[in-house]
Structures are given as C-alpha cells and as structure tokens.
Amino acid sequence: QTITITNDNCAMLDCSVSNAILAIIIASFIYTFTGKKDKYSVRPNITWKGHVINFFLWPLQKFQLSDAFEPIKLERIKKIASKIAKYDDFESDDYEKYYDFTMDLVNKAGYSPLGHAAARDFFIKRLVAKLRTNRELKSDRFKSALETPVRKPLFVFGIPRTGTTFLHRLLALDPASRAPLGYELFDPTQRYPDDLEKDAKKRSAYLQKALDVLHMVVPHFEAIHEVGTDKPEECLMAMGNDVPIFLSVFHLLLHHMKEHVSDWEPVQAYKNYAKVLQLLQYQAEVNNTEQKDKRWVLKCPAHTLWLDYLVQGFPDARLVWTHRDLNDAIPSFCSFLRACQDMYEGERYLQLDELGKDIMSSSQNFLKNAHDFYKSTPQNKNPHSNVMYDDLIKDPVGTVRNLYKELGYEFTAEYEKILTEYIAADRAKREEIKKRTGGKKKLHNYSLEMYGIEEKDVANDFAWYNKEYFA
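To keep things clear, this report deals only with the structure shown in the data block. (Residues numbered from 1 in each chain as written. Predicted model: local features only at pLDDT ≥ 70, side-chain atom pairs only at ≥ 80, totals over all residues. Heavy atoms only, no water.)

**Overview of unusual backbone geometry**
- Of note, the phi angle at R161 is positive, near 75°, even though the residue is not glycine.
- Relative to the elements of secondary structure, R161 occurs in the loop between β2 (154-157) and α6 (164-172).
- What makes R161 buried here is its relative accessible area of 19%. (Helix = DSSP H or I, 4+ residues; strand = E, 2+ residues; numbered from the N terminus. Buried < 20%, exposed > 50% of the residue type's maximum accessible area, 1.4 Å probe, protein only.)

As structure tokens, then:
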C-alpha cells in the first residue's frame, strides 16, 4: 500500500507531535508540583525569582537541551576542569570513588534545574581548584612550600549547629592565629601574586558568584549560616577537592551515612588539605604579609566523623569538640539541611520527617566516632578539649580563656580586648535585627516536632552521649 504525503498529513503530524510534547510537559509538571503525603510534606522555601528561573530552565533540563543539564559524569567533568585550568595532572585517583558515588546521588535525586546546574558547577570548580593547586606546588615559585610543615594546627569540630562557627571566629581573632578565608580555601592559587589587593578581589569574585545565586534563591540561608568570601571558613571548601561534601550534596550524603559515607577513608584528602595550607602559608611568607608564621585555626563539622584520618594528615593537631543540648542542636541541624534542600531540590515537596530520621541516624555516627577517638587518644599525642555551647554563649571571653589555659596558649590582654569589642558589636547587630522585626521574629526557627522527632527519641538514642558529656 502506498502512503501519499500531503500538506494535510504534515499538518496533522505536526499537530500530533506538538500535542505529545505538551502532554509530556503537563504530565511532568503535575508530577513535579504534586506529591504532598502528610503534614511533614512541605514545599521548598525559595524566592519567586528561583521559581521563575526553574520554570524557564525546566524544558532544557527535561529534554537535556544543554550540557549543563546532562547527567553529571566524572570523566566529562574532568575534561571540562582540565580545559579551564589548562592542566590535567590530577596526581592520585583516590578522589574518584568519592566523586563517582556523589555524582550518582545527584543524578538520581531529581534536582531542580538551578540545583542541578549549581551542583555541576560545584564539581567543576572543585576539580579546577585541585588542578591549579597541583600545578602551583610544582612551579618554581612555590615548589618550596611543601618544605615547611603545618605545625600544631587547632581544629574546631562538632556536629553542625553546636557553635563551631562562633568559636572558630572568636579564635581567629587572636593576633597570633590565622584562619583561612573563604576565597583562599575556594581558590587557593594566586592570580596576581605581585598585587595582593587585586588578587584578593579576583578570587573573592570567583566565590561570590556562587554565593550570590544561593542568596538569590534562598535568602534565609544567611540567617542560618553566614558564609562570606572574606570570613574564616570551613575546611571542606578545600577538602571538597577530594571528598565532595558541601552544601549541594550534604543532605544526600547524610542519607547514605550508615551504609556508605561512614566507611570512607579520606586520608589523602587530609594530606592534600595540608598541602593547601602549606601553599597559603608560603604565599604569606613570599609576600611578607602579616599572616606569616601564625598558628592555623581550622574548623569543620565533618571532622567529627574522621578524626582518625585527620591526625594522619596533621599528626600534631590540637582538637576542640563543641557540645550542645541535642534537643536544640538536632532540629537546628535539620533546619540547616532543609535550606540546602530548598536550594537544590527546588520544586518538589520535601519530606521533613525523613530528614529528621537522617539527622538522628547520622548524628549517632558523628558522635560515636568522636567519642571513640577521644577515649583512645592520649592528651600528650593530640591534646583535645571540650567546649559547651551554653558556656560559650553566656561567657565567650571566659570560655576562650579557659580553653587557652587547657591548650597552653598565651591569652594576652590585646586578644581579650579584641574579643570584648567583637562580642559587643555582634550583640548590638543582633539587637538591631530584633528591633527591625519587632522583637517577635527569630532569625532561625526550628523544633523537633517539625521534623517528626520527639524528645523521648533524643533521650533514648543519645542517653550514652548525654551521660558522658552532660551529666
């Protein structure tokens, strides 16, 4: 039988194709914007700008009309990073298994268009930083950096939302100490080594672009956790070059903590992080800045899980563990991760009780690992201390003074004056925010019940921890 193709046939075919595409779009959109199961199902809290951008990018993601929305594959990301860095020696391949695993989670997670693009950008930028650091440390100018070790660094750790950031920033104020800034960790290699002001602006802008997108889509994130290009920042910004744990994937990895992530052995990540710090301290020496010859003060909640590996990268590390009532810390931790989900998961309903379960389970892993390390490690090998959140908030200066006494550091009058002025300014800033909101609105609202957790669950699951550190 012969089929004659006419203009009418073509018109009908075009109409059928158009209707099919429209049906796919409508069906997919219904799937995306429905799915409420119970009282713990909530829509992501993002701005109208975020919704609009996701709306217009959705067809590109759905039909993969742009490279930015293709499934994220390590070999492809490596090629892109090598092209940007103009260098392709990744040295050890130890990082690949962690990247492969995490990229697979992102590909399966159903991220929004903005979330997928941002996660992809994160992977690319971390591998670019890895390559640039490798190249810099082999250059004639900086190859001597590895001859000077990182001596007796002080690490602040604890599960998220236990005061690690506040304590870290207080410790960084000591004129004898140095904390790596956000832009230094995100992009450790100098662009203009002979013009430090220009160099800092260039590297800060590199990080600021990513922060601007985050704050545009989820402006409430800043009230939960302040991140800045020129502020003391977390070790994971640089360690992400080897273990890709950061805002874009943190909630996914915690969901797989017990089965997978708790078995990671990031020894090489810590050794490479030590190299980043060696590079930064050598930059200060070469440029004769005020940061040279200072004691490193470092911070990251993820260290709580990996102290055994941390001391392999930093054999003479000093350690400070922050503790907070888990009835407050756990829901605050949940709220922090929900903000991450807001940014990356984008449009679908979030399930807060599932997030609560993940936090309860992963917190056990964090706390047990840190507890076991403290119990098995002599003080003369790696001096370690504890700081209670309530003490830190009520008396910051006294808490730091006592900590310095434990660690054998000199607590100078100059440092005390700096601390007192900083704390007064910080409290004034918070009071001003309260006045603007009529004194009724907290910057960060959360509760156990919001995440399907009861106080009796916390009491039962963490009885051992409360007995050991709060009795």
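**Description of a negative patch on the surface**
- A contiguous patch of negative charge on the surface is contributed by D325, D328, D390, D391, D395 and E455.
- By the secondary structure assignment, E455 is in helix α19 (residues 455-461). (Patch = residues over 30% accessible without salt bridge, like charges linked within 9 Å, V, L, I, M, F, W, Y side chains within 5 Å. Areas by Shrake-Rupley, 256 points an atom, 1.4 Å probe, with all protein chains shown as cover. Salt bridge = Lys/Arg side-chain N within 4 Å of Asp/Glu carboxyl O. Lys, Arg positive; Asp, Glu negative; His and termini not counted. Charge placed at Lys NZ, Arg CZ, Asp CG, Glu CD.)

**Things to note about the pairing of β2**
- What you see with β2 is no split at all: L154 and V156 on one side and F155 and F157 on the other are buried throughout.
- Sheet topology note: the β2/strand β4 (residues 295-299) ladder contains three bridges and is parallel. Opposite F155, over in β4, you have L298 as the bridge partner.
- Alignment of β2 against strand β5 (residues 318-323), held across four bridges, turns out to be parallel. Along β5, the bridge assignment pairs F157 with W321. (Pairing = 2+ DSSP bridges.)

**Topic: the pattern of salt bridges**
- If you walk through the whole model with that rule in mind, you get 26 salt bridges.
- Between D187 and R191 there is a salt bridge, with the nearest N and O atoms lying 2.6 Å from each other.
- Close ionic contact of D342 with R338 constitutes a salt bridge, the shortest N to O distance being 3.8 Å. Here D342 pairs with R338, and both are found in helix α14 (residues 326-345), just four residues apart, close to one helical turn. In this structure, D342 and R338 share a single accessibility class: buried.
- The network of salt bridges with common partners includes R169, E226, D230 and K231.

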